[in-house]
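Reading the structure
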Amino acid sequence: MLLQGKRAVVTGAGSGVGAASALRFAAEGAHVVCADIQSDAAAQTVRQIESAGGTAISVACDVASEAEVRQLIATAVEQFGGLDIMFNNVGIPTPRLGAALEDHTAEDFDRLIAINVGSVFFGTKHAVMQFKQQGDGGVILNTGSVAGMVAWGGAVYAATKGAVHQLTRAAAIEGAPFGIRANAVCPAGMPYTNFMAAGGLDGTPEALAAVAQRTADNHPLGRPITAADCAEAAVFLVSDRAANVTGVLLPVDGGYTAR
């Protein structure tokens, strides 16, 4: 029970890394606010948590809206008496898989920035304000990406994740005097999530299997990255076992960035 009694918000909790992390946080004893723009998906994650004996509520939230993120954190405080963990997990891919830099429109650019960077900024900002008000520290976890560490295509998406990484490190330094930690988990391609489907990946079992194999072949360990892999890293980073870990960008990449 690494997170016994902790109060956590997880954005994008309706699927993928968000759902897997919300389930793991609850299994470790946390009270979880499952936020997602798709309210039915968030509610489904809550039902899974409750059926396993955990505690959670669902909140519909557009994380690109500062007002909605502010209200999300206020809801966590109202329901559970405070906030200990803020997991800014939401992100969207390049609108068309394989799109080159020059293929991106101004609208593509604005949307990627608003969601991938804006949501992390809003979540971090208002979590820090709540942590300082409480006076006993707190933990911020962001979902970055190996794409923000090395260049492998998807230039605009990669740039947004680079911004997330720098925001994470800056928040770690600014928050340290107040007992606030900030880290990021950085996956490298997750074929079995809605994230890839949102970029235009054909969702047939054959297409997923082919992409999973190509992804695995790029990793020294030879396995594709799963949402569960990221959730395990997330549990560690938000727990007291990582009490002296801050400003870290943790690749979950099968060794890709170690080459």
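Overview of the structure. Within each chain, residue numbers correspond to sequence positions counted from 1 in written order. With pLDDT at 70 or above as the cut-off, local features in this predicted model cover only qualifying residues; side-chain atom pairs require 80 or more to be listed or tallied, and sums for whole chains, interfaces and linings still use all residues. No hydrogens and no water enter the side-chain calculation; it runs on all heavy atoms of the structure.

Under the scheme used here, helices are H or I runs from DSSP no shorter than 4 residues and strands are E runs no shorter than 2 residues, and both carry numbers assigned from the N terminus. Multiply 1.5 Å by the residue count of a helix minus one, and that product is the helix's expected span. Here helix α8 (residues 227-238) spans 16 Å end to end across 12 residues, near enough to the 16 Å set by a 1.5 Å rise per residue. Three or more residues of α8 are buried, namely Ala227, Cys230, Ala231, Ala233, Ala234, Val235, Leu237 and Val238. Type-normalised accessible area, obtained with a 1.4 Å probe on protein chains alone, sets the label of each residue: buried when under 20%, exposed when over 50%, and partly exposed for intermediate values.

This brings us to a nonpolar patch on the surface. A contiguous nonpolar surface patch, about 230 Å² in accessible area, is contributed by Met149, Val150 and Trp152. Mapping Met149 onto the fold places it in the loop between β5 (138-143) and α5 (155-175). A residue is classified by how much of its surface remains accessible, and Met149, at 31% relative accessible area, is partly exposed. Only residues whose relative accessible area exceeds 30% and that form no salt bridge enter a patch; like-charged residues are grouped when within 9 Å of one another, and nonpolar side chains (Val, Leu, Ile, Met, Phe, Trp, Tyr) when within 5 Å. Computed with the Shrake-Rupley method and a 1.4 Å probe, the accessible areas treat only the protein chains shown as cover for residues. Definition used for salt bridges: Asp or Glu carboxyl oxygen within 4 Å of a side-chain nitrogen of Lys or Arg.

Another point: the sheet that holds strand β7 (residues 249-252). Read across the sheet, seven strands follow the order β3-β2-β1-β4-β5-β6-β7 without closing on themselves; strand pairing throughout is parallel. The open sheet has two edge strands with one neighbour each: β3 (55-60) and β7. Each adjacent strand pair in this sheet contributes to an overall mean axis angle of 20 degrees, direction not counted. Strands are labelled as partners when DSSP assigns at least two bridges between them. The sheet contact formed by strand β1 (residues 7-11) and strand β4 (residues 85-88) spans three bridges and is parallel. Residue pairing for β4: Val9 is matched across the bridge by Met86. Each axis is a line fitted through C-alpha atoms, taken for helices only over the stretch in contact, and angles between the N-to-C directions span 0 to 180 degrees.

A few words now on the packing of helix α4 (residues 106-134) against α5. At their nearest, the axes of α4 and α5 sit 9 Å apart, and the two run at 15 degrees to each other. Classified by the interaxial angle, the pair formed by α4 and α5 is roughly parallel. Every pair of crossing elements has a handedness; the one defined by α4 and α5 is right-handed. Contact residues: α4 offers Phe109, Leu112, Ile113, Asn116, Val117, Val120, Phe121 and Thr124, while α5 offers Val156, Tyr157, Thr160, Ala163, Val164, Leu167 and Ala171. The residue inventory of the contact of α4 with α5, partitioned by class, reads 12 nonpolar, three polar and no charged. Relative orientations are named as follows: roughly parallel for angles under 35 degrees, roughly antiparallel for angles over 145 degrees, roughly perpendicular for angles from 65 to 115 degrees, and oblique for any other angle. Should the near helix be turned anticlockwise from the far one by less than a right angle, the crossing is left-handed, and should it be turned clockwise, the crossing is right-handed. Any two residues whose heavy atoms approach within 4.5 Å at even a single point are treated as in contact. The residue classification treats Ala, Val, Leu, Ile, Met, Phe, Trp, Tyr, Cys and Pro as nonpolar and Asp, Glu, Lys and Arg as charged. All others, Gly included, are polar.

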